[in-house]
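# Geometric and topological summary
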Amino acid sequence: MNELFLLHDASLKRYNTLGLDAVASNLYLPFSQEAFKQALIQTKNKTRVLIGRGANILLARAYYDDSYAFIVTSNAGDLRLENGEMVAEAGVTLDRLAWFCIEQSIGGFEFAEDIPGTVGGALIMNAGQFEYTIGMYVNWIDVYHPASDEFKRIYPDPDFFGYRRSKLEEEGAVVLACGLRTPPGESMKSLEKVLEYKRERYRKQPRNYPNAGSVFKRPTKDGETYYVWKLFEETGLRGYRIGDAQVSEKHPGFIVNLGKASQKDVLDLVNECMKRVKQRFEIDLQLEWKVID
Ligand SMILES: Cc1cc2nc3c(=O)[nH]c(=O)nc-3n(C[C@H](O)[C@H](O)[C@H](O)COP(=O)(O)OP(=O)(O)OC[C@H]3O[C@@H](n4cnc5c(N)ncnc54)[C@H](O)[C@@H]3O)c2cc1C
């Protein structure tokens, strides 16, 4: 049975939550873990771009030629309980993970339900909210290391994850699966928490336009941490627009696509935001988004 599909000159619009139009010369769609490995093996000579839900990426090009290979993981994602831990393949979505935990009375993953993304993408940037991050729950990670062409299991040390970063990214590793701890929880309490978080996030965030979450990491200067949306507020960036890309009126930490934003609109807007914050506060903003160039 064929579980790996390769599309040529395929639209990436549905594979990035910002909804930018881009075309990939090579788009691999694996439908099982084995097919995912096959895709990795077949793309050794290409610049690989892994995509989970595309909820944290900026596709900076309109066309990715034959030197690139996009691999979308979200069609292949098994999630199961095994020897007292959860085994989650890279393509498991975070909402599915959270609901599985509610159903199985596992606590601690409520934070993940409303974060669009997959386990693979979440591990790369240690996704989370409040005091919770995915990295807190990881026992092991199965990875592929392109540099050494090796599949192996790693056990993260205490420095492995940080604020919106992980060593996976620094090492250029591809996430295949991970083992997650299963702290005991209470289904109904977890459900309440999930709904409470969701309500709060829908109240604050611009969910009516395509976006890719927070654009920048929270910066620190002289030991103090700043909220990006406040810096933007003070530099008059709330609602600032270039083409169809706009700093959200509702939550200035987000950039939204009002409909037909181009790569250039978004990149110009990102640069304008960085420039204004640098000029006014002497702060260098760092992108939380991953720019695919
Ligand atoms: C409305 C909204 C709200 C959000 N809220 C939050 C929030 O509260 N907290 C938070 O942390 N984030 C938030 N985000 C950002 C986003 O949801 C997270 O970063 C999420 O982890 C992205 O997962 P993904 O699978 O979509 O990753 P993608 O965007 O597909 O990829 C992100 C990066 O990971 C790489 N990657 C993906 N899969 C793999 C893999 N298997 N192996 C190796 N590399 C891989 C990609 O190449 C890329 O560099 C939000 C986004 C949106 C749109």
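Note that this is a predicted model, so its numbers are computed, not measured. By convention here, each chain's residues receive numbers from 1 onward along its written sequence. Residue-level local features of this predicted model are given only where pLDDT is at least 70; pairs of side-chain atoms are given and counted only at 80 or more, and the full residue set underlies all totals for whole chains, interfaces and linings.

### Examining the site of the ligand
To be explicit about the condition: Each residue receives a C-beta atom placed from its backbone. It is near a molecule or strand if this atom lies within 6 Å of it. Counting from the N terminus, the helices are DSSP H or I runs at least four residues long and the strands are E runs at least two residues long. Each residue receives one of three labels: charged for Asp, Glu, Lys and Arg, nonpolar for Ala, Val, Leu, Ile, Met, Phe, Trp, Tyr, Cys and Pro, and polar for the others, Gly being one of them.
The ligand sits among 31 residues. The nearest are Gly-52, Gly-117, Gly-120, Gly-121 and Gly-213. At the level of secondary structure, the elements contributing two or more residues to the shell around the ligand comprise β3 (47-51), α3 (119-125), β9 (128-129), β15 (174-180) and β16 (211-214). The biggest single contributor to the shell around the ligand is α3, with 5 residues. When the residues that make up the shell around the ligand are grouped by side-chain class, the tally is 15 nonpolar, 14 polar and 2 charged.

### A word on the domain arrangement of the protein
Operational definition: Boundaries of every domain are those given by an automatic assignment or by a domain database.
According to the domain assignment, the protein contains domain 1 (4-72), domain 2 (79-189) and domain 3 (206-292). Just the C-alpha atoms count here: the centres of domain 2 and domain 3 sit 27 Å apart.

### Let's talk about helix α5 (residues 187-204)
Quick reminder of the rule: A helix is expected to reach a length of 1.5 Å times the quantity of its residues less one. Partly exposed residues are those whose C-beta has more than 12 but fewer than 20 other C-beta atoms within 10 Å; with 20 or more the residue is buried, with 12 or fewer it is exposed, and the C-beta atoms are placed from the backbone. Read the arc as the range of directions from the helix axis to the C-beta atoms. Contact between two residues is assigned when their C-beta atoms, built from the backbone, lie within 7 Å.
With 18 residues, α5 should reach 26 Å at 1.5 Å per residue; the first-to-last C-alpha distance of 26 Å fits that figure. Three or more residues of α5 are buried, namely Ser-190, Val-194 and Tyr-197. Down the axis of α5, the sector holding all buried residues measures 70°, keeping them to one side. Exposed residues lying more than 90 degrees from the buried face of α5 are Met-188, Glu-192, Glu-196, Arg-199, Glu-200, Tyr-202 and Arg-203. The inward-facing, buried residues of α5 contact α2 (94-103).

### Here we look at the packing of α2 against α5
The cut-off we apply is this: Structural elements are reduced to axes, namely lines fitted to C-alpha atoms, with helices fitted over the stretch in contact, and the angle between N-to-C directions of any two is expressed from 0 to 180 degrees. For classification, angles of less than 35 degrees are called roughly parallel, those exceeding 145 degrees roughly antiparallel, those between 65 and 115 degrees roughly perpendicular, and all remaining angles oblique.
Packing of α2 against α5 leaves a shortest axis separation of 8 Å and a crossing angle of 150°. The orientation of α2 relative to α5 falls into the category roughly antiparallel. Contact residues: Ala-98, Cys-101 and Ile-102 in α2; Ser-187, Ser-190, Leu-191 and Val-194 in α5.

### A look at the sheet that holds strand β21 (residues 254-257)
Just so we agree on the cut-off: Pairing between two strands requires that DSSP report at least two bridges joining them.
Spatially, β16-β21-β20-β19 is the arrangement adopted by the 4 strands of the open sheet, whose pairing is antiparallel. The open sheet has two edge strands, β16 and β19 (241-242), and neither has a second partner. As judged from the 2 bridges shared by β16 and β21, these two strands associate in the antiparallel manner. Paired with Ser-214 across the strands is Phe-254, a residue of β21. Packing of helix α7 (residues 263-281) onto the sheet brings it into contact with β19, β20 (245-247) and β21, and relative to β20 it is tilted by some 25°.

### Some thoughts on the nonpolar core
The following threshold applies: For the purposes of this analysis, a nonpolar core is taken to be any set of buried Ala, Val, Leu, Ile, Met, Phe, Trp, Tyr and Cys residues that are connected through C-beta atoms within 7 Å.
Ranked by size, the top nonpolar core spans 85 residues in total, and within it Phe-70, Leu-97, Leu-123, Val-175 and Cys-178 carry the most contacts. Looking at this core element by element, the count peaks at 6 residues for β15. Setting aside residues up to four positions removed in sequence, Val-175 forms contacts with Ala-90, Gly-120, Leu-123, Ile-124, Ile-141, Val-143 and Leu-168.

### So, the pairing of β21
Burial along β21 is two-sided: the residues Phe-254 and Val-256 and Ile-255 and Asn-257 are all buried. In this sheet, β21 lies alongside β20 in antiparallel orientation, the contact comprising 3 bridges. Pairing of Ala-245 across the sheet is with Asn-257, part of β21.

### Brief notes about the environment of Glu-110
Here Glu-110 is to be found in the loop between α2 and α3. The spatial distance from the C-alpha of Glu-110 to the C-alpha of Tyr-132 is 9.1 Å, given a sequence separation of 22 residues. Apart from residues no more than four positions distant in its own chain, Glu-110 is found in contact with Ala-98, Ser-190, Lys-193, Val-194 and Tyr-197.

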